[in-house]
Amino acid sequence: MFIKPTQISCSTETSEQDIAFMQYALDLADLAEARGEIPVGAVLVDKDLNIIGKGWNQTIELSDPTAHAEMQAIRQAGQRLGNYRLLDCTLYVTLEPCPMCAGAILHSRIGRLVFGASDYKTGAVGSRYHLFEDYKMNHFLEIQGNVLGKECSQKISDFFKRRRQQKAEMKKA
């Protein structure tokens, strides 16, 4: 019989540094939106709180389905450190990671994930899927959700509301 280890630590306390880094991720989400992308931003910091990677959605701009904010931040950090293992690092992202990004988080050995809004369609951290709860995984990390969750959720909701309005106006024309 397998005993599932406790790997997800969902703290209810949000530190000032978590809020500051999530606010920066929200600023990066604004950059994505200004470029016509879904507004998601990500910041990756090392144990000394130095930003080692940042990203925003660029799937349309780069014609790359893997160019999610998290993937961009992870790639940048790996190149900066010269190592694919990002031990003792924290990833801040405005939207709950999808299965692809969750896989990259696991493979890069990120120690902590902090996200803002839940993603009930494709979220892989508990909203839709539970990839980090699989006891067979070879890496476990601390996870904290809902950091500036209202702001992050509102940004995504407003974006899609505007997009639906634009499509409706185009149909009328």
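Residues numbered from 1 in each chain as written. Predicted model: local features only at pLDDT ≥ 70, side-chain atom pairs only at ≥ 80, totals over all residues. Heavy atoms only, no water.

The protein goes by tRNA-specific adenosine deaminase in an unreviewed UniProt entry, where it is assigned to Mannheimia varigena USDA-ARS-USMARC-1296. Taken from UniProt, the Sequence similarities (unreviewed entry) comment for the protein reads in full: "Belongs to the cytidine and deoxycytidylate deaminase family. ADAT2 subfamily." We quote the UniProt Subunit (unreviewed entry) comment for the protein here in full: "Homodimer." (UniProt positions renumbered as here; feature names shortened; annotations may be inferred.)

A. Looking closely at the pairing of strand β3 (residues 90-95). Counting buried residues along β3, 6 of its 6 residues qualify, which places the element largely inside the surrounding structure. Sheet analysis places strand β1 (residues 41-45) next to β3, joined by 4 bridges and oriented antiparallel. Paired with A42 across the two strands is V93, which belongs to β3. Strand direction decides the pairing type here: β3 and strand β4 (residues 112-117), joined by 5 bridges, are parallel. The residue bridging L91 from the neighbouring strand is L113, located in β4. Crossover handedness for the path β3 to helix α3 (residues 99-108) to β4: right-handed. (Buried < 20%, exposed > 50% of the residue type's maximum accessible area, 1.4 Å probe, protein only. Helix = DSSP H or I, 4+ residues; strand = E, 2+ residues; numbered from the N terminus. Pairing = 2+ DSSP bridges. Right-handed = clockwise from strand over helix to strand, strands pointing away.)

B. Expanded view of the packing of helix α1 (residues 16-34) against helix α4 (residues 149-172). Put simply, α1 and α4 touch, their axes get as near as 11 Å, and they point 10° apart. One finds that α1 runs roughly parallel with respect to α4. Seen from α1, the contacting residues are M22, L26, A29, D30 and E33; seen from α4, they are E151, C152, K155, F159 and R162. Grouping the amino acids of the contact of α1 with α4 by side-chain chemistry returns 5 nonpolar, no polar and 5 charged. (Axes fitted to C-alpha atoms, helices over the stretch in contact; angles between N-to-C directions. Parallel < 35°, antiparallel > 145°, perpendicular 65-115°, else oblique. Contact = heavy atoms within 4.5 Å. Nonpolar A, V, L, I, M, F, W, Y, C, P; charged D, E, K, R; others polar.)

C. Fine view of the UniProt feature "domain: CMP/dCMP-type deaminase" (unreviewed entry) in the protein. UniProt's entry tags residues 16-128 with the feature "domain: CMP/dCMP-type deaminase" (unreviewed entry), counted in the numbering of this structure. In residues 16-128, helix accounts for 37% and strand for 20%; the two terminal C-alpha atoms are 29 Å from one another.

D. Just the sheet that holds β4, in detail. As summarised here, the arrangement of the 5 strands in space is β2-β1-β3-β4-β5, forming an open sheet in which the pairing is mixed. In this open sheet, the two strands that pair with only one neighbour each are β2 (51-56) and β5 (142-144). Averaged over all adjacent pairs, the angle separating strand axes in this sheet is 15°, with direction ignored. As paired strands, β1 and β2 are joined by 5 bridges and run antiparallel to one another. Among the inter-strand pairings, V43 is bridged to a residue of β2, identified as K54. Its contacts with the sheet place α4 against β3 and β4, and it is angled at close to 60° to β4.

E. Representation of the side chain of N57 in the model. One can find N57 in the loop between β2 and α2 (69-81). With a relative accessible area of 9%, N57 lands in the buried category. At 3.3 Å, the side chain of N57 forms a polar contact with the backbone oxygen of I38. Apart from the residues within four sequence positions on either side, N57 is in contact with A32, E37, I38, V40, A67, H68 and A69. (Polar contact = N/O pair within 3.5 Å; in protein donor to acceptor, adjacent residues only side chain to side chain.)

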